[in-house]
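Tertiary structure, described
Spelled out, the chains give:
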Amino acid sequence: MLEVKVCESIDQISREDWNQLCGTDYPFLRHEFLQALERSGCVSANTGWQPLHLRLEQEGNLVGVMPLYLKNHSYGEYVFDWAWADAYSRHGLDYYPKLLTAIPFTPSQGPRFGISIPLQQAIPAMSQAAKVLCERFQASSWHGLFTESIIKDHFSSCGMMPRLGTQYHWHNDGYTSFDDFLSRFTSRKRKNLNKERQKIREQGIEIRVVEGSNIHDGLLEDFYRCYQLTYLKRGQRGYLNLDFFRLIRNTLPQHLMMVVAEAQEKTVAVALSFKSSNTLYGRYWGCLDEYENLHFEACYYRGIEYCIENELRYFDPGAQGEHKIQRGFKPIETWSVHWIEEPGFRQGIQQFLTDETQLMRQRILQLSESLPFKEVTPQEQVIKSDPDQ
């Protein structure tokens, strides 16, 4: 018999128990990451992210955990449902609050729960719990964002509605250097990218990589100044505060990589990434002034170089940005799953998602045709598929 319980803080589940179930390779589901969000105050009822994490127990033993939040807005999610909320409002209904299983402010696809029992047992229990909690908290819906494809299929079999999106990721096809990567580009695309990189040198900008515990307080403060200033230029404030970044630097240093740009011995821009055993995740960026092509260099090209040098297989540079296509980032499918409590809206949204999926697949195919790579000859295909040749 499986029993689901709600925890109003990540601290109600021990770090050891949570990480044993979720693993410690994917950084964003680690207890330390979610705890830093709560302890810094970035995630709370006051910010519209009220924690309601799920414990799944079997005969009194903890066998599963899943992050869950009660939301009264849709900010910081990156799977956009503003039109759904507007439709509710036009019909005199409340879309908020809603329930959300996601990593706050983190549009990176990956695991969204940890279990020690078969998926066939766990996901029906979690799906049913989400539906029951919608009634308990008078929530319009439950949403699981950026979930893995195989998990999406299991939730779909429990009545949840899948939604297709796309991002642009870099794949390491056995490159030995950045020049080797560029050698796969068409001549024109390769020249354009080299010109972008040359502009960095012409502006007198020096780039260096700093990792883990070597990210000292002064450098972290420089980064945070750049990060917030970049948001303020758009009339906003960054979701995350300096306390959060200090906490993750102290508790998760092995997952951090920072690209630092300096001009005249002054830090002018910083890109902060996370990493797992096979993937680099570009996450936070900030710049004091406008420098031509610096964003591309710090957020994309240095990340690609880092992946090649450290034999990482993938680079997820963050949400959105079709300009990534011409720089060698391939469109990939991302998935979310949704439960809508109101039957009439559930039917309408299901039809919308069916139509949207068809259009999205067409769009992914079109984007794939815009990649900068040369056409592979039949001989090159054979060589690539047979590493012994």
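Notes on the structure in this doc start here. Remember, predicted model here, so these are calculated numbers, not experimental data.

Here's the deal with the sheet that holds strand E1 (residues 2–7)
In spatial order, the strands read E1-E3-E4-E7; together these four strands make up an open sheet with antiparallel pairing. Edge positions in the sheet fall to E1 and strand E7 (114–115), since each has one partner strand and no second. Alignment of strand E4 (residues 61–66) against E7, held across two bridges, turns out to be antiparallel. Paired with Gly64 across the two strands is Ile115, which belongs to E7. Seen against the sheet, helix H1 (residues 15–22) touches strand E3 (53–58), E4 and E7 and runs at an angle of roughly 70 degrees to E4.

A word on the environment of His338
Relative to the elements of secondary structure, His338 occurs in strand E15 (residues 330–340). Sequence separation of His338 and Met258 is 80 residues, and the distance between their C-alpha atoms is 35 Å. Here His338 is in contact with Val79, Trp84, Trp142, His143, Leu145, Met160, Met161 and Arg163, once residues within four sequence places are set aside. Here His143 takes part through its side chain, which lies 2.7 Å from a polar atom of the side chain of His338. A polar contact of 2.8 Å, which involves the side chain of His338, links it to the side chain of Ser336.

Brief notes about empty space enclosed by the protein
Counted by the stated rule, this structure contains two cavities of 30 Å³ or more. Lining the largest cavity, in full, are Trp49, Gly76, Glu77, Leu100, Ala102, Ile103, Pro104, Phe105, Thr106, Arg112, Leu145 and Phe146. Looking at the lining of the largest cavity, its residues break down into eight nonpolar, two polar and two charged. Of the voids in this model, the second largest cavity is the one considered here, and its volume is about 30 Å³.

Things to note about a nonpolar patch on the surface
Taken together, the side chains of Tyr75, Phe80, Trp82 and Tyr239 present a nonpolar region at the surface, about 420 Å² in accessible area. Relative to the helices and strands, Tyr75 is located in the loop between strand E5 (69–71) and helix H3 (82–90).

Some remarks on the side chain of His53
One can find His53 in strand E3. His53 gets classed as buried once you look at its relative accessible area, which sits at 0%. Within polar-contact distance, the side chain of His53 engages the backbone nitrogen of Leu68 at 3.2 Å.

Re unusual backbone geometry
Most peptide bonds take the trans configuration, and most residues that are not glycine carry a negative phi. In this chain, Tyr96 is followed by Pro97 through a cis amide linkage whose omega measures 5 degrees. If you trace the backbone, Pro97 turns up in the loop between H3 and strand E6 (98–101). Despite not being glycine, Phe105 shows a phi value in the positive range, around 60 degrees. For Phe105, the position within the fold is in the loop between E6 and E7. Located in the positive-phi region is Phe146, a residue other than glycine, with phi close to 55 degrees. For Phe146, the location among the structural elements is in strand E8 (residues 141–147).

Looking at the pattern of salt bridges
According to the stated counting rule, one finds 28 salt bridges in the structure shown. Here Glu297 makes a salt bridge to Arg197, at a shortest N to O gap of 2.7 Å. Within this pair, whereas Glu297 is found in helix H10 (residues 294–309), its partner Arg197 is found in helix H7 (residues 187–202), the two being separated by 100 residues in sequence. In this pair, the class of Glu297 matches that of Arg197, namely buried. Linking Arg361 and Glu333 is a salt bridge whose minimum nitrogen-to-oxygen distance equals 2.5 Å. Highlighted residues: Arg361 in helix H11 (residues 343–368) and Glu333 in strand E15, separated in sequence by 28 residues. Three or more residues are tied together by salt bridges with common partners; here these are Lys71, Glu77, Asp81 and Lys98.

Procedures and definitions
Residues numbered from 1 in each chain as written. Predicted model: local features only at pLDDT ≥ 70, side-chain atom pairs only at ≥ 80, totals over all residues. Heavy atoms only, no water. Pairing = 2+ DSSP bridges. Helix = DSSP H or I, 4+ residues; strand = E, 2+ residues; numbered from the N terminus. Contact = heavy atoms within 4.5 Å. Axes fitted to C-alpha atoms, helices over the stretch in contact; angles between N-to-C directions. Polar contact = N/O pair within 3.5 Å; in protein donor to acceptor, adjacent residues only side chain to side chain. 1 Å grid on protein atoms, 1.4 Å probe; cavity = no way out; pocket = protein on both sides within 12 Å on 5 of 7 lines; lining within 4 Å. Points joined across faces, edges and corners; volume = space filled by probe spheres on them. Nonpolar A, V, L, I, M, F, W, Y, C, P; charged D, E, K, R; others polar. Patch = residues over 30% accessible without salt bridge, like charges linked within 9 Å, V, L, I, M, F, W, Y side chains within 5 Å. Areas by Shrake-Rupley, 256 points an atom, 1.4 Å probe, with all protein chains shown as cover. Salt bridge = Lys/Arg side-chain N within 4 Å of Asp/Glu carboxyl O. Buried < 20%, exposed > 50% of the residue type's maximum accessible area, 1.4 Å probe, protein only.

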